[in-house]
Amino acid sequence: MKNIYIIGVGLIGGSLALDIKKHDSSIKVFGIDHNDAHLEDALQLNVIDAKATYEELKHADLVILSIPVDAAVTEILKILELVSDDTLVMDVGSTKAEICKAIDQHPKRRNFLATHPIAGTEFSGPKAAILGLYKNKTNIICEVEKTAFKLQERALQLFTDLGMRIRYMNPEAHDKHIAYVSHLSHISAFMLGKTVIDKEKNERDIFDMAGSGFASTVRLAKSSPEMWTPIFKQNKTNVLETLDEYINNLTKFRTLMHADDFEAIYSEMKDTNHIKEILNGIE
Ligand SMILES: NC(=O)c1ccc[n+]([C@@H]2O[C@H](COP(=O)([O-])OP(=O)(O)OC[C@H]3O[C@@H](n4cnc5c(N)ncnc54)[C@H](O)[C@@H]3O)[C@@H](O)[C@H]2O)c1
Ligand SMILES: O=C(O)C(=O)C[C@]1(C(=O)O)C=C[C@@H](O)C=C1
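The structure presented is a predicted model; accordingly, all values stated were derived computationally and were not measured.

Now for the environment of Leu82. Within the secondary structure, Leu82 is located in helix α3 (residues 69–82). In this structure Leu82 comes out as partly exposed when scored by relative accessible area, which is 33%. Separated by 121 residues in sequence, Leu82 and Glu203 place their C-alpha atoms 51 Å apart. Once residues within four sequence positions are removed from consideration, Leu82 is found in contact with Tyr54, Leu57 and Lys58.

In structure tokens:
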């Protein structure tokens, strides 16, 4: 690959750009973004080599679409019109069903690969881009069989170069699982932060008492509403299901507390400690 175009030079697009340039300095990475300040920052930080326009996409070997998931669903249709038959176009959005549905019947469907790198932070924009973000992380790929074989190979080579593991999943299963494992964590953190801010009026008290427990639990509440609102909108049905389950568990905990049933509370926590083994050890 010689020419890579990143649309959306924020945390995820910018980190991909840094890794790609580090892996092969002969590749030219071009940036497109509707926020000119982000493009300028990306240039200054050497995240991209040059700014570009949509018209130039006809020269692309690879286009990476890394913008909020609602905009991605409309932009992908424009991009597919502009690229050559030999261009690989992939998105990195946190939801997969809507984008896969939107392009399913498109004449250039075989140019597209739906991906979701399970890597990131709570920060946004090109200044948040991190070299090495994707090493040893999982990339979920959906409907790989709908992508031209030659372009699948190009994508897999790139993910291998970046040190990523691959997991194949259908878009509906992806959106259901990710609602539990990622989307619910963000809602939980946002509402934890809100509960504390609403009730603890003195910010000094919050600051002084925020040991690593509160800080690590509430970390995701720093995340971008611009990114998360469209994710919740696209994945509404699955997210509502996770919220029902979560609220049931919170209500159960409250009921047990109210009834002074600390044996049952102990046992709920003991069972949940199993998360240690799950997160430590599956290869
Ligand atoms: N942040 C994470 O942890 C994470 C992880 C995996 C996947 N994702 C997905 O990656 C995508 C990008 O997320 P991010 O964290 O890099 O966000 P970000 O806010 O850091 O970057 C998004 C960039 O896209 C630009 N942009 C927004 N709308 C645009 C449009 N219509 N046209 C051109 N540029 C536009 C913004 O100006 C910004 O520079 C999202 O789809 C998100 O769901 C995020
Ligand atoms: O670690 C974080 O800060 C993240 O928010 C990363 C995270 C996640 O929930 O794990 C966020 C959204 C994604 O789509 C993938 C990864």
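Text resumes after the structure shown.
A separate point is the site of ligand 2. Taken together, Ser94, His116, Ala119, Gly120, Thr121, Glu122, Ser182, His186, Arg219, Leu220 and Trp228 make up the full set of residues near ligand 2. Within the backbone of Gly120, a nitrogen or oxygen atom sits 3.4 Å from an oxygen atom of ligand 2. One of the backbone nitrogen or oxygen atoms of Glu122 is found 3.4 Å away from an oxygen atom of ligand 2. Calculation on ligand 2 without its partners gives an accessible area of 370 Å², and the protein chains cover 82% of this total. A per-class count over the shell around ligand 2 returns 3 nonpolar, 6 polar and 2 charged. Shared between two domains, the shell around ligand 2 holds at least three residues of each, these being domain 1 (3–169) and domain 2 (174–281).

Before going further, it helps to spend a moment on the environment of Leu158. Looking at the element boundaries, Leu158 is found in helix α5 (residues 149–161). The spacing of Leu158 and Leu243 is 85 residues in sequence and 36 Å in space, taken between C-alpha atoms. Not counting residues within four places of it along the chain, the set of residues in contact with Leu158 comprises Met1, Ile20, Leu62 and Met90.

Moving on to the domain arrangement of the protein chain. For an interface, size is often stated in terms of accessible area lost upon the parts coming together. Partitioning the protein chain into structural domains gives domain 1 (3–169) and domain 2 (174–281). Here the C-alpha centre of domain 2 lies 30 Å away from the C-alpha centre of domain 1. Of the residues lining the interface, 18 residues belong to domain 1; the matching set on domain 2 comes to 15 residues. Contact between domain 1 and domain 2 buries roughly 1,300 Å² in total, counting both sides, with carbon and sulfur atoms accounting for 62%. By the criterion of area lost to domain 2, the three top residues of domain 1 are Ser94, Thr95 and Glu122, representing 40% of everything that side buries. Taken together, domain 1 and domain 2 are joined by 1 salt bridge. Between Glu122 and Arg219 there is a salt bridge whose closest N-O contact spans 2.6 Å.

This part takes up the pattern of salt bridges. The tally for this structure, following the rule as stated, stands at 16 salt bridges. Two residues, Lys51 and Asp36, come together in a salt bridge whose shortest N-O distance is 3.8 Å. With Lys51 in strand β3 (residues 50–51) and Asp36 in helix α2 (residues 36–44), this residue pair connects regions lying 15 residues apart in the sequence. Among the residues examined, Lys51 registers a relative accessible area of 33% and is labelled partly exposed.

Counted under the stated rule, the structure contains 2 aromatic pairs. A ring pair is formed by Tyr5 and Phe30, whose centres lie 4.7 Å apart and whose planes are at 20 degrees; its orientation type is stacked. Separated by 25 residues along the polypeptide, Tyr5 in strand β1 (residues 3–7) and Phe30 in strand β2 (residues 28–32) bring together distant segments of the chain. Like Phe30, Tyr5 is buried. Measuring from ring centre to ring centre gives 5.5 Å for Trp228 and Phe232, while their planes differ by 35 degrees; the resulting arrangement is tilted. Taken as a pair, Trp228 and Phe232 lie in helix α9 (residues 225–234) at a separation of 4 residues, close to a single helical turn.

Each value, and the rule that gives it
- Note on numbering: residues in each chain are counted from 1, in written sequence order.
- As they are written, the chains are lettered A onward and the ligands numbered 1 onward, keeping that order.
- Only residues with pLDDT of at least 70 get local features here, since the model is predicted, and only at 80 or more are side-chain atom pairs given and counted; chain-wide, interface and lining totals rely on the full set of residues.
- Excluding hydrogens and water, the side-chain values take into account all heavy atoms of the structure.
- Labels follow the DSSP assignment, with helices taken as runs of H or I lasting at least four residues and strands as runs of E lasting at least two, numbered in each case from the N terminus.
- Summary of the burial criterion: residues with accessible area below 20% of their type's maximum are buried, those above 50% are exposed, and those between are partly exposed, where the area comes from a 1.4 Å probe applied to protein chains only.
- Whether two residues are in contact is decided by their heavy atoms: any pair within 4.5 Å suffices.
- Proximity is defined per residue: if any heavy atom of the residue lies within 4 Å of a molecule or strand, that residue is considered near it.
- Side-chain atoms alone can form a polar contact between residues adjacent in sequence; in general such a contact is a pair of N or O atoms within 3.5 Å, and within protein one must be able to donate a hydrogen while the other accepts it.
- Only the protein chains shown count as cover for residues, and all accessible areas are computed by the Shrake-Rupley method using a 1.4 Å probe.
- Any residue that is not Ala, Val, Leu, Ile, Met, Phe, Trp, Tyr, Cys, Pro, Asp, Glu, Lys or Arg is counted as polar, Gly included; the first ten are nonpolar and the last four charged.
- Throughout, the edges of the domains are those of an automatic or database domain assignment.
- Once two parts are brought into contact, the accessible area they lose, counted with a 1.4 Å probe and summed over both, makes up the buried area.
- Any carboxyl oxygen of Asp or Glu that lies within 4 Å of a side-chain nitrogen of Lys or Arg is treated as forming a salt bridge with it.
- Each aromatic pair joins two rings of Phe, Tyr and Trp (for Trp, the six-membered one) with centres within 6.5 Å, and gets the label stacked for planes under 30 degrees apart, edge-to-face for over 60, and tilted for any other angle.

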